[in-house]
Amino acid sequence: MNLVSANNKRNFSAGDVLIRQGDKGECAYVIESGKVEIIIEHPDGAKSVVGTRGAGTIIGEMAIVDDSPRVATVRCIEDCQMLEISREDFSRRLHNADPVIQMIIQVIMTRYRDMLARTKILGESATYPPPEELEKNFALKTDAVEYIKIANEFKEAIENGQLELHYQPIINFATGKIAGFEALMRWDHPERGFISPGIFIPIAEETGLILSASGWALKEACSALKRIEGSTGYTEDLYMSVNFSSTDFASENFVESVYNTLSSTDVAAKKVCLEITERILMSQPENARETLDMCCKAGMSIAIDDFGTGYSSLSYLHAFPVQYLKIDRSFVMDMNKNESSSSLVKSIVALSQNMKLKTVAEGVETREEGLLLREMGCDFAQGFYYARPQPEKDIIMLLRNWDPKAIYDK
Ligand code: C2E
Ligand code: CA
Ligand code: CA
């Protein structure tokens, strides 16, 4: 990652004042060459040099973190070459950081400023709100406390069996039959009730807790598939699709742990599909290819989830052993209202046919959408129109009563 953008190199001469105590700060500097001194002006007017900094260090960072006045003056004692980091650039990076990092940086800054004021290095500043109030505001603004709570409670949820899987049928357009299911994680929190995977999955990914959750999900989904087949006597081949994140993919023993689960649940590899996003393929191509090759050789299939929302480069598809493209719900939803969405769906279907890939349309909510997708040549469909994600016992009932002809007339 670039620390700073390319066009912000600046030269200063010995004696130049780079930063002035009390000014508003618009940028920080990385010293590429040369040397500066840091001077603090005390409330009684006395000045003291509190340090020097040379090449490879950063100065002026405090003011761009929290928008407060500069706490010191910085003067060049040699000719200097600097790289500028603008407040805007820094704010964008901080905004993208996880909320715990945002909160901790701001708390450190507040406490440091408070300490400077209390030790009278900068004079008491009555204008600052008390640190406790500032810190509470940061916590609220970044949702950091909520984030930490969810992360901790999710850990307990895995250990205490609060997680559940719901299964959403995937329909084969050619036969009208249920071809398989996507396993979707559900968290019924003892006090807060149902928490959406849209909230807890990203936190589980960032904290690494997704590893044990995904391991549990694969095992539970495979066992459920066995039970569903057993109790319905369904003779057709059903498959189970399970979502994996980039954290799962980056873990060292991913393939081994998938193999172990298949063998311990006695589910054939060809009945398991791994759903991953384009992001995984793009961010860790070498690792992803190796991992997918092994899974594919073992007989599992691979689906690219949310297809069309990530990287528009299609060339990568050749490089990976992928069998399914799942067309993102946002395009399916807009198909009837928006010409460009329906052209995009058509193109994805045509591309898949050329590349011998199967398409699954996600989020089909109406009969019209289903008919249009079928006409376009899409192979499979998934959506509330056919069936919502539901617990295993309801899936068993659904399979028993499924009428393939009814998918067009519900
Ligand atoms: P996803 O993988 O794209 O899953 C499909 C989502 O679309 C599910 O949301 C499903 O309930 C919803 N959906 C299906 N049909 C329709 C429809 O017709 N209309 C509408 N409006 N929605 C529909 P859900 O269960 O809330 O999951 C959200 C996301 O959370 C998933 O998106 C997936 O990215 C993630 N997720 C869920 N379970 C897991 C899991 O076990 N592991 C991982 N890594 N991620 C998961
Ligand atoms: Ca999915
Ligand atoms: Ca999806």
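For the structure given in this document, a descriptive report is provided here. Source: prediction; values computed, not measured.

### Quick word on the coordination of the calcium ion (ligand 2)
Ideal values for angles at a metal depend on the geometry: 109.5 degrees with four tetrahedral donors, 90 or 180 degrees with six octahedral donors.
Alright, step 1. Within the protein, Glu 182 (OE), Asn 243 (OD1), Glu 275 (OE) and Asp 305 (OD) serve as the donor atoms for the calcium ion (ligand 2), at 2.2 to 2.3 Å.
Alright, step 2. A separation of 4.0 Å is found between the calcium ion (ligand 2) and the calcium ion (ligand 3), both of which receive a donor from Asp 305. With a gap of 61 residues between them, Glu 182 in strand E10 (residues 178-189) and Asn 243 in strand E12 (residues 239-243) connect regions that are remote in the sequence.
Alright, step 3. Assessed through its relative accessible area of 27%, Asn 243 is described here as partly exposed.

### Let's talk about the nonpolar core
Alright, step 1. By size, the foremost hydrophobic cluster in this structure holds 82 residues, and its most contacted members are Phe 154, Tyr 167, Ile 276, Ile 304, Leu 325, Leu 373 and Tyr 386.
Alright, step 2. A total of nine residues in this core trace back to one element, the largest contributor, which is helix H7 (residues 210-232).
Alright, step 3. Aside from chain neighbours lying at most four places away, what touches Ile 276 is Phe 244, Phe 249, Leu 281, Leu 292, Ile 302, Ala 303, Ile 304 and Asp 305.
Alright, step 4. Counting residues in each nonpolar core, the second largest holds 27 residues, with Val 30, Ile 40, Met 62 and Val 71 among its members.

### Section: the packing of aromatic side chains
For any pair of aromatic rings, the description rests on two quantities: the centre-to-centre distance and the angle between the ring planes.
Alright, step 1. On inspection of all chains with the given rule, the structure shows nine aromatic pairs.
Alright, step 2. Between Phe 12 and Tyr 29 the ring centres are 5.9 Å apart and the planes differ by 85°, which places this aromatic pair in the edge-to-face class. Here the residue Phe 12 occupies a position in strand E1 (residues 9-12), and Tyr 29 occupies one in strand E3 (residues 27-33), the gap between them amounting to 17 residues. Exposure class is identical for Phe 12 and Tyr 29. Each is buried.
Alright, step 3. For the pair Phe 249 and Phe 254, a centre-to-centre distance of 4.9 Å together with 40° between the ring planes defines the contact as tilted. Of the two residues, Phe 249 and Phe 254, both sit in the buried class.

### A closer look at the coordination of the calcium ion (ligand 3)
Alright, step 1. Taken together, the protein ligands of the calcium ion (ligand 3) are Asp 305 (OD), Asp 306 (OD), Glu 362 (OE) and Glu 362 (OE), with distances of 2.2 to 2.6 Å.
Alright, step 2. Counting along the primary sequence, the residues that act as donors to the calcium ion (ligand 3) give the motif D-D-x55-E.

### Section: helix H11 (residues 285-298)
Alright, step 1. Look at H11: 20 Å from first C-alpha to last across 14 residues, which is about the 20 Å you get at 1.5 Å a residue.
Alright, step 2. If you check which residues of H11 are buried, you get Ala 288, Thr 291, Leu 292 and Cys 295. Down the axis of H11, the smallest arc covering the buried residues is 95°, so these residues share one side. Turned more than 90 degrees from where H11 packs its buried face, Glu 286, Glu 290 and Lys 297 sit exposed.
Alright, step 3. Buried residues along H11 sit against helix H8 (246-250), helix H9 (254-265), strand E13 (272-277), helix H10 (278-283) and strand E14 (301-307).
Alright, step 4. Residue Gly 299 follows H11 closely and has a positive phi angle near 115°.

### Topic: the site of ligand 1
Alright, step 1. With respect to spatial proximity, 18 residues lie near ligand 1, and among them Arg 186, Asp 305, Arg 329, Glu 365 and Phe 384 are the closest.
Alright, step 2. At a separation of 3.2 Å, an oxygen atom of ligand 1 approaches a polar side-chain atom of Glu 182.
Alright, step 3. Between Asp 306 and ligand 1, the recorded distance is 3.3 Å, taken from a side-chain N or O atom to an oxygen atom.
Alright, step 4. Here ligand 1 loses 81% of its free accessible area of 800 Å² to cover by the protein chains.
Alright, step 5. When atom positions are compared with the pocket grids, ligand 1 is found to occupy the largest pocket.
Alright, step 6. Of all the secondary structure elements, the ones that give two or more residues to the shell around ligand 1 are E10, helix H6 (197-207) and E14.
Alright, step 7. Here the shell around ligand 1 gets four residues from one element, more than from any other, and that element is E10.
Alright, step 8. Of the residues belonging to the shell around ligand 1, the class tally is seven nonpolar, four polar and seven charged.

### Section: the sheet that holds strand E7 (residues 73-76)
Alright, step 1. One open sheet holds the four strands; their spatial order is E2-E7-E4-E5, and the pairing between them is antiparallel. Of all strands in the sheet, those with a lone pairing partner are strand E2 (17-19) and strand E5 (47-54), marking the two edges. In this sheet, neighbouring strand axes are inclined to one another by 30° on average, regardless of whether the strands run parallel or antiparallel.
Alright, step 2. Direction of pairing for strand E4 (residues 35-41) relative to E7: antiparallel, over a ladder of four bridges. Across the sheet, the residue bridging to Val 36 is Cys 76, located in E7.

Thresholds, definitions, all that
- Residues numbered from 1 in each chain as written.
- Chains lettered and ligands numbered in written order.
- Predicted model: local features only at pLDDT ≥ 70, side-chain atom pairs only at ≥ 80, totals over all residues.
- Heavy atoms only, no water.
- Donors = N, O, S within 2.8 Å, 3.2 Å for Na, K, Ca; no water.
- Helix = DSSP H or I, 4+ residues; strand = E, 2+ residues; numbered from the N terminus.
- Buried < 20%, exposed > 50% of the residue type's maximum accessible area, 1.4 Å probe, protein only.
- Core = buried A, V, L, I, M, F, W, Y, C linked by side-chain atoms within 4.5 Å.
- Contact = heavy atoms within 4.5 Å.
- Phe/Tyr/Trp six-rings, centres within 6.5 Å; stacked < 30°, edge-to-face > 60°.
- Expected span 1.5 Å × (residues − 1).
- Arc of directions from axis to C-beta.
- Near = heavy atom within 4 Å.
- Polar contact = N/O pair within 3.5 Å; in protein donor to acceptor, adjacent residues only side chain to side chain.
- Areas by Shrake-Rupley, 256 points an atom, 1.4 Å probe, with all protein chains shown as cover.
- 1 Å grid on protein atoms, 1.4 Å probe; cavity = no way out; pocket = protein on both sides within 12 Å on 5 of 7 lines; lining within 4 Å.
- Sits in = over half its atoms within 2 Å of the grid points.
- Nonpolar A, V, L, I, M, F, W, Y, C, P; charged D, E, K, R; others polar.
- Pairing = 2+ DSSP bridges.
- Axes fitted to C-alpha atoms, helices over the stretch in contact; angles between N-to-C directions.

In short, shape yes, function no, at least from these values alone.
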